[in-house]
Amino acid sequence: MTEAEWMACTDPRRMLEFVRGKASDRKLRLFALAFVRRMYPLPDKRSKRIWATVERYVDGLADPAQLRVAWASARWAANVATRQTDDETEGVRWLLAALAEESPSWVIRGIYVPASPAERESHEAIQCRILCDLFGNPFRPVAITPAVPIWNDGTVSKLAQAIYDRRAFDRLSILADALEEAGCTDADILNHCRQPGEHVRGCWVVDLLLGKS
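Notes on the structure follow. (Residues numbered from 1 in each chain as written. Predicted model: local features only at pLDDT ≥ 70, side-chain atom pairs only at ≥ 80, totals over all residues. Heavy atoms only, no water.)

Summing up its helical and strand segments, the protein has 11 helices and zero strands in all. Taken from the N to the C terminus, the helices and strands of the protein come in the order α-α-α-α-α-α-α-α-α-α-α. Contacts spanning at least 24 positions in sequence make up 67% of the contacts within the protein whose residues lie at least 6 apart. For the protein, the exposed area adds up to about 10,900 Å²; of that, 52% sits on carbon and sulfur atoms. (Helix = DSSP H or I, 4+ residues; strand = E, 2+ residues; numbered from the N terminus. Contact = heavy atoms within 4.5 Å. Areas by Shrake-Rupley, 256 points an atom, 1.4 Å probe, with all protein chains shown as cover.)

What follows is the structure, given as structure tokens:
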């Protein structure tokens, strides 16, 4: 895949294949979490708990044993939903079970896409936007000057952490202003913070500032 193809890609499977071996377990799982959160309202408290456990696991706040418990809970709920043919939550629960797998290698095959061509196109477009937010332009690696995150008593780092913790992506433009004041002149970083569109936990700019991979 070339840089131009990546930037214009409408097939999330091609993008996922391209980052195979480059993307961390964390990034792949954040991609799946972001898509499920974006497209499928969690149907009940059990689903919310499973989703929250996987997210904590991504941040190192839950251990593999807790992830396995979440997986078993999701599989049980999905099997129950399968037997109840009028239960529309079946697909969501199977997605949650997949999210709680110990290995995220399944993500490379692509997240569930509906059979309807119109729905499929919509889902794939959202997945591509999420991947662009997570990985930026992989053909142009960006570094940040060490002085920037600690400028003004760590203002930039504190803003980035608040955006990450609270999913406060409406504050990205404020982060861009702070970055400029701190001496950042990288157009890719500043433009990404100021452009509208899909922003999710794991956004490449926020991760860069927080030292996450």
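Continuing now.
Moving on: the pattern of salt bridges. With the rule as written, the count across this model stands at 16 salt bridges. For Arg140, the salt bridge is made with Glu3, and the minimal N-O distance between the two is 2.7 Å. In this pair, Arg140 sits in the loop between α7 (117–135) and α8 (147–166) while Glu3 sits in helix α1 (residues 3–8), placing the two residues 137 residues apart along the sequence. Residues joined in a network through salt bridges with shared partners are Glu55, Asp59, Arg167 and Arg201. (Salt bridge = Lys/Arg side-chain N within 4 Å of Asp/Glu carboxyl O.)

It is at 10 Å that the axes of α8 and helix α9 (residues 172–181) come closest, and there the two elements cross at 165°. Judged on the interaxial angle alone, α9 and α8 are roughly antiparallel. Of the two elements, α8 crosses α9, and the hand of that crossing is left-handed. Of the residues in α9, those touching α8 at Val148, Trp151, Val156, Leu159, Ala160 and Ile163 are Leu172, Ile174, Leu175, Ala178, Leu179 and Glu181. (Axes fitted to C-alpha atoms, helices over the stretch in contact; angles between N-to-C directions. Parallel < 35°, antiparallel > 145°, perpendicular 65-115°, else oblique. Left-handed = near helix turned anticlockwise from the far one by under 90°.)

The next subject is the packing of aromatic side chains. Inspection of every chain in the model, using the stated rule, returns two aromatic pairs. A ring pair is formed by Trp6 and Phe18, whose centres lie 5.8 Å apart and whose planes are at 50°; its orientation type is tilted. Of this pair, Trp6 sits in helix α1 while Phe18 is found in helix α2 (residues 12–18), placing the two residues 12 residues apart along the sequence. Residue class for Phe18 comes out buried when judged on its relative accessible area of 19%. Each ring, one from Phe18 and one from Phe139, has its centre 5.2 Å from the other, and the planes form 20°; the classification is stacked. (Phe/Tyr/Trp six-rings, centres within 6.5 Å; stacked < 30°, edge-to-face > 60°. Buried < 20%, exposed > 50% of the residue type's maximum accessible area, 1.4 Å probe, protein only.)

What follows covers the environment of Ser173. When you line up the elements, Ser173 lands in helix α9. Looking at Ser173, the relative accessible area reads 35%, which means it is partly exposed. Considering only alpha carbons, one finds Ser173 and His192, 19 residues apart in sequence, at a separation of 9.1 Å.

What follows is about the packing of α9 against helix α10 (residues 187–194). Across the interface, α9 lies against α10 with an axial gap of 7 Å and an inter-helix angle of 150°. Put simply, α9 runs roughly antiparallel to α10. The residues of α10 that touch α9, namely those facing Leu172, Ser173, Leu175, Ala176, Asp177, Leu179 and Glu180, are Ile189, Leu190, Cys193 and Arg194. Of the residues that constitute the contact of α9 with α10, the class distribution is seven nonpolar, one polar and three charged. (Nonpolar A, V, L, I, M, F, W, Y, C, P; charged D, E, K, R; others polar.)

Relative to the assigned elements, Ile50 resides in helix α4 (residues 45–58). A sequence separation of 19 residues divides Ile50 from Val69, and the C-alpha atoms of the two residues are 8.8 Å apart.

Attention now moves to α10. Because each turn of an α-helix spans 3.6 residues, side chains separated by three or four positions end up pointing in the same direction. What α10 keeps buried is the set Ile189, Leu190, His192 and Cys193. All buried residues of α10 fall inside an arc of 160° around its axis, so they share one side. Where α10 is buried, its residues touch α7, α9 and α11 (204–210). Between the side-chain oxygen of the N-cap and the backbone nitrogen of Asp188 there are 2.9 Å, and the N-cap of α10 in question is Asp186. (Arc of directions from axis to C-beta. Polar contact = N/O pair within 3.5 Å; in protein donor to acceptor, adjacent residues only side chain to side chain.)

What follows covers unusual backbone geometry. With phi around 50°, Asn152 is a residue other than glycine that occupies positive phi space. In this fold, Asn152 is placed in helix α8. Here Asp153, not a glycine, exhibits a phi torsion of approximately 60°, which is positive. By the secondary structure assignment, Asp153 is in helix α8.

Shape is all these values report; function is a separate question.
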